[in-house]
Amino acid sequence: MAKSRVITVLSQKGGAGKSTLTMQLAGGLARSGRRVAIIDLDPQETALRWAQAATEGFPAQVSKLDVLPGGLRAVLKQMARSADIVLLDCPPSIEHPATLAALQEADVALVPVVPSPADLWSTKGVERLILQVQASRKGLKAALVPNRVLRTNLAWDVLEVMRDFTLPVLGAALSQRNAFAQSAVIGGTVYQLGRAGSEAAREVDKLVAEVLKLTGEKL
Ligand SMILES: Nc1ncnc2c1ncn2[C@@H]1O[C@H](COP(=O)(O)OP(=O)(O)O)[C@@H](O)[C@H]1O
Ligand SMILES: [Mg+2]
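As a starting point, this report considers the structure included with it. Just so you know, these numbers come straight off a predicted model, no measurement behind them. (Residues numbered from 1 in each chain as written. Chains lettered and ligands numbered in written order. Predicted model: local features only at pLDDT ≥ 70, side-chain atom pairs only at ≥ 80, totals over all residues.)

Here we come to the pairing of strand 1 (residues 5-9). Two faces belong to every sheet, and in a regular strand the side chains alternate between them. In terms of burial, strand 1 is largely enclosed, as 5 of its 5 residues are buried. Relative to strand 4 (residues 85-89), strand 1 runs parallel, the two being bridged by 5 bridges. Residue pairing in the sheet places Thr-8 in a bridge with Leu-88 of strand 4. Sheet topology places strand 1 next to strand 5 (residues 108-113); 3 bridges connect them, and they run parallel. (Buried ≥ 20, exposed ≤ 12 C-beta atoms within 10 Å, placed from the backbone. Helix = DSSP H or I, 4+ residues; strand = E, 2+ residues; numbered from the N terminus. Pairing = 2+ DSSP bridges.)

The following block contains the structure:
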């Protein structure tokens, strides 16, 4: 049985956009025809509640897990049958055992980063951890994903503040947009917001394409 692709979304700080990125990516990947599952590893259960708030149903199966680390591997093995891609939404700490376990299982690690000084500093630690894991597991792909980018900032501004990192910065970024916050309220994704979500949806489409490239798959 082929293994699902595992995408781990992690960061040191809360509020960086892990759950937002996880849920939107799930929506975009599901639209591309993949069977998507999310495992909520954060005791705050944001992803789980997000999907539970969905009136139209969420496009990915969301479950929570607090038996680690052997439990995660066992659950992923089981999911290989039902999911092409599994997204792991991590707690806001790189010391948390769930984050470490999720990174060990990842094919791709994504780190949402708000281009502000505090977020950039805290990202240094995440990067160190990922580079450490990559040293022994060359197959692990990782990238930083700019989030809450102000549209008044030109793209090169973001790159300028993020150039001190060793990990690549994805070209696809998420802007600061009401649609992203609004999608949590409806328990869905920006794809369900109609015209109000169309620009956000285009950003997620671009993100999906880049993430699939990292997993080595075709769109
Ligand atoms: N690109 C964005 N535009 C607007 N609001 C955002 C964006 N990304 C995240 N948010 C909001 O910021 C808050 C924290 O995001 P969340 O995804 O829960 O972060 P984390 O999971 O890293 O703690 C939420 O209220 C979310 O709606
Ligand atoms: Mg979260």
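The structure having been displayed, the exposition proceeds.
Moving on, we come to the site of ligand 1. Near ligand 1, the surroundings consist of 18 residues, among which Lys-18, Ser-19, Thr-20, Phe-180 and Ala-181 are the closest. Among the elements of the structure, helix 1 (18-31) and helix 7 (178-185) are those that each provide at least two residues to the shell around ligand 1. (Near = placed C-beta within 6 Å.)

What follows covers the nonpolar core. By size, the foremost hydrophobic cluster in this structure holds 62 residues, and its most contacted members are Ile-7, Leu-10, Val-86, Leu-87, Leu-88, Ala-102 and Ala-109. When residues in this core are grouped by element, the largest group, 6 residues, is from helix 8 (residues 198-215). Dropping the residues within four chain positions of it, Ala-102 is found in contact with Thr-8, Leu-10, Leu-41, Leu-72, Leu-88 and Cys-90. (Core = buried A, V, L, I, M, F, W, Y, C linked by C-beta atoms within 7 Å. Contact = placed C-beta atoms within 7 Å.)

The next point concerns helix 4 (residues 97-105). Ala-98, Thr-99, Ala-101, Ala-102 and Leu-103 are the residues of helix 4 that are buried. Considering only its buried residues, helix 4 is in contact with strand 1, helix 3 (70-79), strand 4, strand 5 and helix 5 (117-136).

Further remarks concern the environment of Val-86. On the secondary structure map, Val-86 appears in strand 4. Those residues in contact with Val-86 that lie beyond four places of it in its chain are Ser-4, Val-6, Ala-37, Ile-39, Leu-76 and Met-79.

Let us now look at the packing of helix 1 against helix 8. Packing of helix 1 against helix 8 brings their axes to within 9 Å, and their N-to-C directions diverge by 80°. Judged by the inter-axis angle, helix 1 sits roughly perpendicular to helix 8. Between helix 1 and helix 8, the residues in contact are Gln-24, Leu-25, Gly-27, Gly-28 and Leu-29 and Val-204, Asp-205, Leu-207, Val-208 and Val-211, respectively. Partitioned by chemical class, the residues of the contact of helix 1 with helix 8 number 6 nonpolar, 3 polar and 1 charged. (Axes fitted to C-alpha atoms, helices over the stretch in contact; angles between N-to-C directions. Parallel < 35°, antiparallel > 145°, perpendicular 65-115°, else oblique. Nonpolar A, V, L, I, M, F, W, Y, C, P; charged D, E, K, R; others polar.)

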